[in-house]
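Architecture at a glance
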Amino acid sequence: MIKNFRKIKNLIAVYLLLSAVYGCNDSQQFTVKGTVAGAVDQILYLEHSGLPSVTVLDSLKLKPNGKFEFRQPRPEYPDFYRLRLKNNIIHFAVDSTETITITADAHTFSTSYTVEGSENSKAFKDITLAQLDANQELTKLRESFGMNLIPDTTYQASVLKAVNTYKDAVKKYVFGAPASPAAYFALFQQIDGLWFYDLYDRNDSKAYGAVATNYKTYYPNSPRSKHLEQLALQSLKIVRGERMKNVLDYPEAKEVKFIDIDLPGIAGKNVKLSDIAKGKAVLVNFTAFQTEWSANFNMTLNNLYTKYHNNGFDIYQVSLDNDAHFWRNAASNIPWVSVRDPQSIYSSIAAIYNVRQLPALFLINKKGEMYKRIDSVDTIEDDIKAAL
């Protein structure tokens, strides 16, 4: 009897120990589960959206009932994950949440799903839908602009309106809950390859600063906090007219003087911005000669070029015209360098410089440093004097 009691006691002890161990392990994991209808035999992937790349963590083949469940170690800091079905994606966040339930349909996977157990993940859906609305609007505008159905000024104004509509939709996260994963997620959504929140815009710089400050306060050792801090400082320097960093290479970003441009000029040979900028102050201008304001704007540039060229001032003008013949004829008589990006409004160079409207102006000083982004045509001359 005593021996049997001891055996039972020992079994209970082992059971309690195992329960403690497994209970501890469960508390160190998060679970994402749910159902995907209409996706029999399709592969569902769980991925980590890290800095700077996306990593596949797990996958499974969906059965007729569409049920799925993934378990992974919980991150030390709030982090981003996603479910992927073919090329369709559902973004979600893991912070203090242990179980997230997502219900979706294969045909509307990215847009009509429901999520339970994570308020941040619900916010991610709102942000994603706002981003999709803006991109759909931009696609329509592009088609109309490409068919010459709307003038350039209308196109630019409409693009800015789409951007501002998105910002209005997500500002409750960016400024209302700046320490949340939703704020970070909203900050880095894109429209046509450009961030909605422009690093080089004075007002948008406040958004980067707000989120960066809160992340640094609550998650000082998080890689995302360091990423945000780098970008916020970068943005602050630019809007104050100081040096620019190449933020495209995070986390190994090194400070660069400016992002070089190498495009074909009127004669057909490529001309590098770095060659023009040796020992000179250079105004980098993204423009379109086919616009109604181009002639008057180039007259303003010509006056500045004539006045300051002998003092070490030059202009590097990047045309985004879709008509190469028109550009070549219009630019043939100007005294400064004019190059054209054949990608036109799809220009990757313009995207890197975060050009949203034309004319866009950047100033490089004589030391070969990106001095500032010029926000107003009215300040060009004063900025040139300062750069010289």
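In the block above lies the structure referred to throughout.
Right, let's walk through the structure included here. Treat the numbers as computed from the prediction; the structure is a model and nothing was measured.

A few words on the sheet that holds strand β2 (residues 43-49). Pairing in this open sheet of 4 strands is antiparallel, and the strands run β3-β2-β5-β6 from one edge to the other. Sheet topology places β3 (54-61) and β6 (88-94) at the edges, where each strand pairs with a single neighbour. Direction aside, the axes of adjacent strands within the sheet are offset by 25° on average.

In this structure the tally under the stated criterion is 14 salt bridges. Two residues, Arg74 and Glu98, come together in a salt bridge whose shortest N-O distance is 3.6 Å. Remark: Glu98 occurs in the loop between β6 and β7 (99-105) and Arg74 occurs in the loop between β4 (67-73) and β5 (79-85); sequence separation between them is 24 residues. With a relative accessible area of 28%, Arg74 lands in the partly exposed category. For Glu98, a relative accessible area of 41% translates into the label partly exposed. Among the ionic pairs, Asp383 bridges to Lys372, the shortest N-O distance being 3.3 Å. With Asp383 in helix α11 (residues 380-387) and Lys372 in strand β17 (residues 370-374), this pair connects stretches of sequence that are 11 residues apart. Comparing Asp383 with Lys372, the two get one shared label, buried. A single network of salt bridges, built from pairs that share partners, joins Glu47, Arg82 and Arg84.

Attention now moves to the packing of aromatic side chains. Going through the model one piece at a time under the given rule, you end up with 19 aromatic pairs. Centroid distance Phe188 to Tyr208: 6.2 Å. Interplanar angle 70°. Geometry classified as edge-to-face. Pair noted here: Phe188 is in the loop between α4 (181-187) and β9 (190-191) and Tyr208 is in helix α5 (residues 202-218), with a separation of 20 residues, a long-range link. As far as burial versus exposure is concerned, Phe188 and Tyr208 are alike and both buried.

Time to look at helix α3 (residues 152-174). Across its 23 residues, α3 extends 31 Å between first and last C-alpha, which sits within 8% of the 33 Å expected from 1.5 Å per residue. Along its length, α3 reaches its greatest deviation from straightness, about 35°, at Asp168. For α3, the complete set of buried residues consists of Asp152, Tyr155, Gln156, Val159, Ala162, Val163, Tyr166, Lys167, Val170, Tyr173 and Val174. Buried-residue contacts for α3 involve α2 (119-146), α4, β9 and α5.

Calculation rules
- Residues numbered from 1 in each chain as written.
- Predicted model: local features only at pLDDT ≥ 70, side-chain atom pairs only at ≥ 80, totals over all residues.
- Heavy atoms only, no water.
- Pairing = 2+ DSSP bridges.
- Helix = DSSP H or I, 4+ residues; strand = E, 2+ residues; numbered from the N terminus.
- Axes fitted to C-alpha atoms, helices over the stretch in contact; angles between N-to-C directions.
- Salt bridge = Lys/Arg side-chain N within 4 Å of Asp/Glu carboxyl O.
- Buried < 20%, exposed > 50% of the residue type's maximum accessible area, 1.4 Å probe, protein only.
- Phe/Tyr/Trp six-rings, centres within 6.5 Å; stacked < 30°, edge-to-face > 60°.
- Expected span 1.5 Å × (residues − 1).
- Bend = angle between axes of the 7 residues up to and from the residue.
- Contact = heavy atoms within 4.5 Å.

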